[in-house]
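# An overview of the molecular structure
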Amino acid sequence: MSHSIMIMCEQSGGRILPVTSELISCANLIAAHCHSRITAVLPGLNTDAYSIPGADLLIINSPGLAEYTCEGWEMAAMLAAEQIMPDIIIIAHTSTGYDYAPRVAALTGSGCITSVCGIEFTGDNLTYRRGGFHGKLDLQYRAGEQALVITVLPGAFPSYDGQTEAGMTSIINADIQLACTSNVQFSIPDQANTELEHAEVIISAGKGIGKAENLQMIRAMASCFNRSAIAGSRVACDNGWIEYNAQVGLTGQKVSPQLYVACGISGSAQHIAGMNGSKTVVSINRDPEAAIFRYSDICIVEELESFIPEFIREAEKHRAE
Ligand SMILES: Cc1cc2nc3c(=O)[nH]c(=O)nc-3n(C[C@H](O)[C@H](O)[C@H](O)COP(=O)(O)OP(=O)(O)OC[C@H]3O[C@@H](n4cnc5c(N)ncnc54)[C@H](O)[C@@H]3O)c2cc1C
């Protein structure tokens with residue numbers, strides 16, 4: 001079985017981002033079994049890249065690709081796919097990747113498997129692993145006969161070790177015209193949060209806290225400890241309960257405190273990626289099957305609203321003694 005594998009590079013301002021190297025590792029894993037040629041596609045305008053280790057590089061250069069748009073990236077991917085004729089297209093499962101990947105799959109008539117976190121081989125058969133039901137299930141998918149688009153979770157594969165030299169580089173100067181999209185403004189929020197970096201204890205709120213008012217309970221719990229800080233899951237940030245610069249996870253901060261207390265957090269792979277360096281993990285969750293318990297030293301199956309106030313009362317009593 002021989003394949004042609006196409007990777008879509010993840011870039012920012014013309015610079016190839018590190019997650020691309022993980023996609024190359026993933027592609028090399030497949031290539032080792034299927035004797036494939038790997039081509040990395042870089043959409044953009046006057047990018048800095050000239051080559052990439054472990055793959056050929058195809059640059060799609062166009063004023064219409066100066067900034068990310070779903071429409072532009074989809075057109076760039078289609079242009080590249082016409083030339084490369086890929087059997088598999090690999091895209092990072094990032095906020096841009098999962099935006100345009102399903103459209104590329106639809107336009108190329110391909111199957112689409114998202115959030116891939118592992119690849120396994122049985123003979124010539126390739127299976128793609130992804131989590132399901134908030135990480136409680138480990139799902140395995142096998143592709144059909146048609147081409148396939150996969151999105152790969154950042155952090156799921158190691159960075160490519162660069163043992164193979166960079167391949168050939170070619171450029172297509174394209175005139176990509178956006179028919180339905182125009183970018184009004186890009187703003188990048190301030191990500192610096194040294195508080196989390198230096199905290200010995202982090203009390204982290206998830207969707208399970210239920211409402212903004214319950215953040216007070218989380219703060220009160222944090223105040224029971226010295227050198228503590230509060231943080232949250234992405235859902236807690238999306239709900240506006242916690243600032244984005246205190247989001248823990250793949251797309252947030254990576255933290256490694258002495259104690260991490262996960263309050264109403266299910267334990268998705270993306271959250272675990274940010275806190276699995278913590279020395280001790282305590283989780284409070286009403287669901288005894290919650291995935292977070294697999295990563296916890298102490299598992300408390302309880303309602304937050306009953307456990308935390310009780311904990312605070314006990315801590316205050318202890319302090320007064
Ligand atoms: C590309 C990408 C990047 C991502 N990056 C991140 C990231 O950096 N960080 C991140 O956190 N997520 C990230 N996510 C989102 C991630 O997949 C999950 O959706 C998110 O982590 C879930 O947040 P949660 O655990 O707070 O909510 P849920 O998964 O909804 O879990 C809520 C939990 O609270 C429990 N619960 C509910 N009520 C109570 C109660 N009263 N008492 C006790 N327990 C209760 C429930 O049993 C459940 O386990 C990313 C996703 C993608 C696709």
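Along every chain, residues carry numbers that run from 1 in the direction the sequence is written. A pLDDT threshold of at least 70 governs which residues receive local features in this predicted model, and a stricter bar of 80 or more applies before side-chain atom pairs are shown or counted, although totals over entire chains, interfaces and linings include all residues.

Right, let's get into the overall build of the protein. Within the protein, the secondary structure is distributed over 8 helices and 17 strands. Each principal axis of the C-alpha distribution contributes one length, and for the protein these read about 75 × 50 × 35 Å. For the protein, with 321 residues in total, the buried portion stands at 42%. Residues are treated as contacting if the C-beta atoms built from their backbones sit within 7 Å of each other. Here the analysis covers contacts within the protein between residues at least 6 apart in sequence; of these, 64% occur between residues at least 24 apart. Strands are runs of DSSP state E lasting at least two residues, helices are runs of H or I lasting at least four, and both sets are numbered from the N terminus onward. As a rule, residues whose C-beta atom has 12 or fewer other C-beta atoms within 10 Å are exposed, those with 20 or more are buried, and those in between are partly exposed; C-beta atoms are placed from the backbone.

For each residue, a C-beta atom is placed from the backbone, and the residue counts as near a molecule or strand when that atom lies within 6 Å of it. Taken together, 32 residues lie near the ligand, and G206, G208, R234, G249 and S266 sit nearest. Of all the secondary-structure elements, those providing two or more residues to the shell around the ligand are α6 (234-238), α7 (269-275), β16 (280-285) and α8 (304-320).

The next thing to look at is the environment of I171. Structurally, I171 is set in strand β12 (residues 169-173). Here I171 falls in the partly exposed class, since 13 other C-beta atoms lie within 10 Å of it. Each C-alpha atom, one on I171 and one on L42, is 9.3 Å from the other, the two residues being 129 residues apart in sequence.

One recurring pattern in soluble globular proteins is that nonpolar side chains are buried together. Joining buried Ala, Val, Leu, Ile, Met, Phe, Trp, Tyr and Cys residues through C-beta atoms within 7 Å gives a set, and that set is a nonpolar core. Judged by nonpolar contacts, the single largest core of 53 residues is most densely connected at I7, A27, V41, I89, I90 and V152. Looking at which element gives the most residues to this core, the answer is helix α1 (residues 19-34), with 7 residues. Excluding anything up to four places from it in sequence, I7 contacts L23, I24, A27, I38, A40, V41, A55 and I90. Core analysis: the second largest hydrophobic core is formed by 35 residues, A199, M221, V235 and C263 among them.

Next up on the list: the domain arrangement of the protein. Boundaries of every domain are those given by an automatic assignment or by a domain database. According to the domain assignment, the protein contains domain 1 (4-173) and domain 2 (194-320). Computed over C-alpha atoms, the centres of domain 1 and domain 2 are 34 Å apart. Each partner contributes to the interface: domain 1 provides 8 residues, whereas domain 2 provides 8 residues.

Moving on: the packing of helix α2 (residues 70-84) against helix α3 (residues 97-108). Contact geometry for α2 and α3: axes closest at 9 Å, N-to-C directions at 45 degrees. Relative to α3, α2 is oriented oblique. The handedness of the crossing between α2 and α3 comes out as right-handed. Facing α2, whose interface residues are C70, W73, E74, A77, M78 and A81, α3 presents D99, Y100, R103, V104, L107 and T108. Here the residues of the contact of α2 with α3 are counted per class, giving 8 nonpolar, 1 polar and 3 charged. Axis lines are fitted to C-alpha atoms, over the contacting stretch for helices. Their N-to-C directions set the angle, which ranges from 0 to 180 degrees. Each angle is binned into one of four classes, with values under 35 degrees roughly parallel, values over 145 roughly antiparallel, values of 65 to 115 roughly perpendicular, and all other values oblique. Crossings are classed by handedness, with left-handed meaning an anticlockwise turn of the near helix from the far one by less than a right angle and right-handed meaning a clockwise turn. The nonpolar class holds Ala, Val, Leu, Ile, Met, Phe, Trp, Tyr, Cys and Pro. Asp, Glu, Lys and Arg form the charged class, and all remaining residues, Gly among them, are polar.

Here a helix's expected span is defined as the number of its residues, less one, multiplied by 1.5 Å. In a regular helix each residue adds 1.5 Å, so 15 residues correspond to 21 Å; α2 covers 21 Å between its end C-alpha atoms and thus fits that length. Within α2 the residues assigned to the buried category are G72, W73, E74, M75, A76, A77, A80 and A81. M85 sits one or two positions beyond α2 and adopts a positive phi of about 50 degrees.

Turning to the environment of F225, a few remarks are in order. Topologically, F225 is positioned in the loop between α5 (215-222) and β14 (228-232). For the pair F225 and E200, spaced 25 residues apart in sequence, the C-alpha to C-alpha distance is 8.8 Å.

Another point: the sheet that holds strand β13 (residues 201-205). Any two strands with at least two DSSP bridges between them are considered paired. In spatial order, the strands read β14-β13-β15-β16-β17; together these 5 strands make up an open sheet with parallel pairing. The outermost strands of the open sheet, each flanked by one partner alone, are β14 and β17 (298-301). Neighbour-to-neighbour, the strand axes of this sheet turn through a mean angle of 15 degrees, independent of strand direction. Relative to strand β15 (residues 259-263), β13 runs parallel, the two being bridged by 5 bridges. Bridged to I203 within β15 is V261.

What follows covers the sheet that holds strand β6 (residues 88-92). Strand order in the open sheet formed by 7 strands is β7-β11-β6-β1-β4-β5-β12, with parallel pairing between adjacent strands. Looking along the sheet, the strands with just one partner apiece sit at the ends: β7 (111-116) and β12. Averaged over neighbouring strand pairs, the angle between their axes works out to 20 degrees when direction is ignored. In this structure, β6 lies alongside strand β11 (residues 148-152), joined through 5 bridges in parallel fashion. When the bridges of β11 are listed, I90 appears paired with I150.

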